[in-house]
Amino acid sequence: MKKTWWKESVVYQIYPRSFKDTTGNGIGDMYGIIEKLDHIKSLGVDVIWLCPIYESPNDDNGYDISNYKKISDDFGGHKAFDQLLKKIHQKGLKLVMDLVANHTSDEHYWFTESKKSKANPYRDYYIWKDGKNGGPPNNWESFFNGSTWQYDETTQQYYLHYFTKKQPDLNWENPKVRKEIFDILEYWFEKGIDGFRMDVISLISKPDGYLDTEFEKFQDTIINYYANGPKIHEYLNEMNREVLSKYDIMTVGEGPGIDLKNGPLYVDSSREELNMVFHFDHMFIDCGSGGKYDPVPFDFKTFKAIFNEWDEALKNKGWGSIFLGNHDFSRMVSRFGNDKEYRVASSKLLAALLLTLRGTVYIYQGDEIGMTNVAYESIDDYNDVETVNAWKAAENSGQDMDHFLTVVHSQSRDNARTPMQWNSELNSGFSKEKPWLKVNPNYKNANVALQENDPHSILNFYRDMIAFRKANQTFVYGEYECLDVKHSSIYAYKRWDDTNEFLVIHNFGDTPITWSNNLNQNQYQLLKSNLSENRQNHFELAPWQTKILEVL
Ligand code: ISL
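Caption draft 1: Broad picture of helix α8 (residues 232-242). Along α8, the residues classified as buried are Ile232, His233, Tyr235, Leu236, Glu238, Met239 and Asn240. Where α8 is buried, its residues meet α6 (175-191), β9 (195-198) and α9 (263-267).

Caption draft 2: Structural detail: the nonpolar core. Ranked by internal contacts, the top residues of the largest apolar core, which has 146 residues, are Phe81, Phe196 and Tyr491. Setting aside residues up to four positions removed in sequence, Tyr491 forms contacts with Phe300, Lys304, Phe307, Asn308, Leu353, Leu357, Tyr480, Cys482, Val504, Ile505, His506 and Phe508. One finds Phe144, Trp149, Leu160 and Val200 within the second-largest nonpolar core, a separate group that totals 14 residues.

Caption draft 3: Representation of the packing of aromatic side chains. Tallying each qualifying case throughout the model produces 51 aromatic pairs. Taken together, a centroid distance of 5.7 Å and an interplanar angle of 40° make the contact between Trp172 and Tyr235 tilted. Here Trp172, found in the loop between β8 (157-160) and α6, pairs with Tyr235, found in helix α8; they are 63 residues apart in sequence, far enough to count as distant. With relative accessibility at 1%, the residue Trp172 sits in the buried group. Relative to Phe303, the ring of Phe300 lies with its centre 6.4 Å away and its plane at 20°, an arrangement referred to as stacked. Here Phe300 pairs with Phe303, and both are found in helix α10 (residues 300-314), just 3 residues apart, close to one helical turn. Using a relative accessible area of 10% as the deciding quantity, one classes Phe300 as buried. A relative accessible area of 0% means that Phe303 is categorised as buried. Sitting over the face of the ring of Trp422, Lys36 holds its NZ or CZ atom 4.3 Å from the ring centroid. It is Arg123 that lies over the ring of Trp128; its NZ or CZ is 3.8 Å from the centre.

Calculation notes
Residues numbered from 1 in each chain as written. Predicted model: local features only at pLDDT ≥ 70, side-chain atom pairs only at ≥ 80, totals over all residues. Heavy atoms only, no water. Buried < 20%, exposed > 50% of the residue type's maximum accessible area, 1.4 Å probe, protein only. Helix = DSSP H or I, 4+ residues; strand = E, 2+ residues; numbered from the N terminus. Contact = heavy atoms within 4.5 Å. Core = buried A, V, L, I, M, F, W, Y, C linked by side-chain atoms within 4.5 Å. Phe/Tyr/Trp six-rings, centres within 6.5 Å; stacked < 30°, edge-to-face > 60°. Lys NZ or Arg CZ within 6 Å of the ring centre and 35° of its normal.

Read these as layout, nothing more, since geometry by itself doesn't imply function.
Encoded structure:
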């Protein structure tokens, strides 16, 4: 296994709108990130990944870019960006940006030109098609409800959009489009950034014959039709050859539809495509038959199996990404932990899980202080386009909207987007003015200032665990084997290499448990635990306790 900096890195993901506002417009900005760099550095992380900060009309909060080479003024523009990049590097950190190349904003110049006429030089930058029987070309549904097709009066054709109608999909078949994207990558690498997270990269190659294919089930569609199109690997290989291979950078491709079968193809280093991918097998674990807004309780054994299978699939080729949350999902402690009586213990357990698995670790802002889901009283308090559209669709189909509000409480992407909780002051110290999204009312119990000097805080546990991982490369590169895979509340595994062997045991439950799996506790020494109280017996675990043991 070849060693590289990005395999050893711990990445901290920032959702800039919600991180820190210094200008008083209620929206986080880059001066805010600069102000908080010491906080980030103090965690011991190596890389910062910034969600999109480019010029955008914000139909999908920056995932609809109208100019890829312009930093949004909302965030401080280029002046702030140049300062931020410099300061990040001065602190010995690296910067990864977000590339949204499956689609642009409909306000991007390419699209405003494209829609002018069928003969416009930019027409083929997007996917245009005649309607059928007085309606759209097919019955495909967008990720955010409704048709993937939008009719445009000027040329009387429809354009394809997998997301909102303000996010038209680019036509990657067109070599000019690929050239434009490669040019954007180069532009940012020349500026000195250290990598890209690539948004829905699994969707850029449109499936053969897709225009004539009708479907019945949305969940099946993503996997069977939209993702992993026939030319995806050709495009990524070309991107690697033309740009990526020329820089010492890291890449992580995001993608619905990336599964155990095709995932390795994206990251097998001999294929020269991407370094890592984010798959969603564990993140869609609670989707019911109606998708994300029809949740079912998550199955713990399946959760473990997903980590086991992915580790196995990537262990000899490629590299994994380890994450439990991001800006698109509920808070990890609210999903996989217990955010009520065991918020602190279970937040720490999840941190210990992240930081003892094989792969590059991604920490989402706020998880280091145990931020939880929010439950706004009214749909009017929600901002996220996915949530708002799901609400409208539920209303139109006659659902019980009181019940649907509780579903929104657990599923909305806004759960992860509430302002960062810095202190107990006004607006959690995020902004002096009204924040763009309401602060989670629990901020007085969960914030950075409160946890800063408390040796038992979640925040200090993160610092400690990150340092621990850095001091023991076995956790980065070492072998992994899950023990007792069928256990219904214990997740236990071995990590080892030529010099060390560790046993990690997590109790994912509200009850104490003794788990020995026929191991002899005298052969182990306790190195770390997320609780200060530790029983003599290494295999006795309190609720939501993690123990990291060393084999003597
Ligand atoms: O958010 C999701 C589940 O709630 C996913 O289906 C998500 O839409 C998908 O993973 C793609 O996400 C990415 O692209 C979207 C953007 O809205 C997300 O914020 C981004 O992470 C479109 O650009």
